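# Summary of structural features
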Amino acid sequence: MPREHRAAKSIRVLLAEDQGMMRGALALLLGMEPDIEVVAQVAAGDAIVDAALVHRPDVALLDIELPGMSGLDAAAELRDQAPDCRVLILTTFGRPGYLRRAMEAGAAGFLVKDGPVEELAVSIRRVLTGETVIDPTLAAAALSAGPNPLTARECDVLKASTDGATVADIAGRLHLSESTVRNYLSSAIGKTGTRNRMEAVRAARQQGWL
């Protein structure tokens, strides 16, 4: 949309998406809205805060699984460093645990990518007015799933297990004793109802707890 046809005060949007084709398509489609302007595009999570501080967007549209830093971690940093920027999570992975973590990080909305761009544009406008916008199906799933049963340390240990690391490796990375690592792993396996740590990692990821 030519600039002269835009609203006098466009909604400034930062777009964080690691897939170039998806990022370009979203930027193009959102840019066709008369009151929305994509002022910054980034492909990595650790570039989000710097871009927000430079471009001062009204709304940051963030994917979750990004290189460098997750969109959820970036949302928490934006809350502290750019509190006037509203965060809307847009992801392929509609997992209940992700929704809870997004809300804890200060996100104003959570949508999955299979919706129409018109709905996304409406959601951007709504979060800017102070509303919270959540995909209704995901909201219902999050309520039925309940809270994350894993402690922060159990999550840390499971994350450190994802590349096949040994107990000694994990202990070294997290500055814990090997016996403490084994205790955390055992507890996480029990809470996820799985048989071993790799199954526990998969189960926790499926729920969005990691």
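The paragraphs below set out a description of the structure included in this document. Source: prediction; values computed, not measured.

### A closer look at unusual backbone geometry
If you check the backbone angles, R56 has positive phi at about 50° while not being a glycine. Position of R56 among the secondary structure elements: in the loop between α2 (48–55) and β3 (59–62). Despite not being glycine, H175 shows a phi value in the positive range, around 60°. Considering the arrangement of structural elements, one finds H175 in the loop between α8 (167–174) and α9 (178–192).

### Quick look at the sheet that holds strand β6 (residues 133–134)
If you walk across this open sheet you meet the six strands as β2-β1-β3-β4-β5-β6, and the pairing is parallel. Every interior strand has two partners, whereas the edge strands, β2 (36–42) and β6, have only one. Sheet topology places strand β5 (residues 109–112) next to β6; two bridges connect them, and they run parallel. Within β6, the position partnered with F110 by the bridge is I134.

### Things to note about the pattern of salt bridges
Taken as a whole and assessed by the stated rule, the structure comprises ten salt bridges. Across the pair D80 and R79 runs a salt bridge whose closest N-O atoms are separated by 3.9 Å. Judged by relative accessible area, D80 falls into the exposed class, the value being 59%. For R79, a relative accessible area of 41% gives the class partly exposed. Here R126 ties to E131 by a salt bridge, and the two come within 3.0 Å at their closest N and O atoms. Residues participating in the shared-partner salt-bridge network are E17, D63 and K113.

### Quick notes on a nonpolar patch on the surface
Side chains of L28, L29 and M32 sit close together on the surface and give an oily, nonpolar patch of about 300 Å² of accessible area. Within the secondary structure layout, L28 lies in helix α1 (residues 20–31).

### With respect to the nonpolar core
Among the nonpolar cores identified, the biggest contains 28 residues, and L14, I48, L62, L78, V87 and I89 are the most heavily contacted of them. Breaking this core down by element, the ones donating at least two residues are β1 (11–16), β2, α2, β3, α3 (71–81), β4 (86–91) and α4 (96–104).

### Remarks on the layout of surface pockets
In this structure, the largest pocket encloses a volume near 390 Å³. Taken together, 18 residues form the lining of the largest pocket, with R101, E104, N148, C155 and W209 sitting closest to its centre. Of all the secondary structure elements, the ones that give two or more residues to the lining of the largest pocket are α3, α4 and α7 (152–160). Residues of the lining of the largest pocket, tallied by class, amount to eight nonpolar, three polar and seven charged. Counted as a void, the second largest pocket has a volume near 270 Å³. Lining the second largest pocket, in full, are I64, E65, L66, S70, D73, R95, Y98, R101, K159, T162, R205 and L210. For the lining of the second largest pocket, the residue count by class is four nonpolar, two polar and six charged.

### Details of the side chain of S123
With respect to the element layout, S123 can be found in helix α5 (residues 117–128). S123 gets classed as buried once you look at its relative accessible area, which sits at 2%. For S123, the residues in contact, after removing those within four places along its chain, are L88, L111 and V133.

Basis of the calculations
- Residues numbered from 1 in each chain as written.
- Predicted model: local features only at pLDDT ≥ 70, side-chain atom pairs only at ≥ 80, totals over all residues.
- Heavy atoms only, no water.
- Helix = DSSP H or I, 4+ residues; strand = E, 2+ residues; numbered from the N terminus.
- Pairing = 2+ DSSP bridges.
- Salt bridge = Lys/Arg side-chain N within 4 Å of Asp/Glu carboxyl O.
- Buried < 20%, exposed > 50% of the residue type's maximum accessible area, 1.4 Å probe, protein only.
- Patch = residues over 30% accessible without salt bridge, like charges linked within 9 Å, V, L, I, M, F, W, Y side chains within 5 Å.
- Areas by Shrake-Rupley, 256 points an atom, 1.4 Å probe, with all protein chains shown as cover.
- Core = buried A, V, L, I, M, F, W, Y, C linked by side-chain atoms within 4.5 Å.
- 1 Å grid on protein atoms, 1.4 Å probe; cavity = no way out; pocket = protein on both sides within 12 Å on 5 of 7 lines; lining within 4 Å.
- Points joined across faces, edges and corners; volume = space filled by probe spheres on them.
- Nonpolar A, V, L, I, M, F, W, Y, C, P; charged D, E, K, R; others polar.
- Contact = heavy atoms within 4.5 Å.

The analysis is restricted to geometry; functional conclusions fall outside its scope.
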